Amino acid sequence: MIKVIRITAEWCRPCSVLAPLIEELKNENPDVVFETIDVDENPDALSLYGIRGVPVVIVKNNDTETARFVGVHSKNVYETAINNQRSN
């Protein structure tokens, strides 16, 4: 199972830029599980995922982290990470 975890915060301007991009990916990839974690609502996520700043996007395949992106990247970067897991 491929999972994309977006770690965010409401006050984070880059996070608000990333949100619609991730929503597009979610709509285009119904076979992928998408999860959003707000660090203010879930501060344990910082230590759980080793987060030092937001936004962070983590791609997992069968609970193994396969890619991590800090900051905002192009949609293509995330699509490639997801598609790479489909071929594994």
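> Which residues make up the nonpolar core, and what are the values?
Membership of the largest hydrophobic core comes to 15 residues, with the highest contact counts inside it found for V4, F34, V57, V59, F69 and Y78. Of all the secondary structure elements, the ones that give two or more residues to this core are β1 (2–8), α1 (13–28), β3 (56–61), β4 (64–70) and α3 (75–86). The leading source of residues in this core is α1, at four residues. Those residues within four positions of F34 in sequence are excluded, and the remaining contacts are V4, I22, L25, K26, N29 and I82. Of all hydrophobic cores here, the second largest spans 12 residues; its members include I5, C15, I37 and I58.

> Tell me what's going on with the environment of R68, and back it up with residues and numbers.
If you trace the backbone, R68 turns up in strand β4. Using a relative accessible area of 31% as the deciding quantity, one classes R68 as partly exposed. A C-alpha to C-alpha distance of 9.5 Å links R68 and I5, two positions 63 residues apart in sequence. When sequence neighbours within four positions are dropped, the list of residues in contact with R68 reads Y49, G50, I51, V56, V57 and I58. Separated by 2.9 Å, the side chains of R68 and E65 make a polar contact.

Cut-offs and rules
- Residues numbered from 1 in each chain as written.
- Predicted model: local features only at pLDDT ≥ 70, side-chain atom pairs only at ≥ 80, totals over all residues.
- Heavy atoms only, no water.
- Core = buried A, V, L, I, M, F, W, Y, C linked by side-chain atoms within 4.5 Å.
- Buried < 20%, exposed > 50% of the residue type's maximum accessible area, 1.4 Å probe, protein only.
- Helix = DSSP H or I, 4+ residues; strand = E, 2+ residues; numbered from the N terminus.
- Contact = heavy atoms within 4.5 Å.
- Polar contact = N/O pair within 3.5 Å; in protein donor to acceptor, adjacent residues only side chain to side chain.

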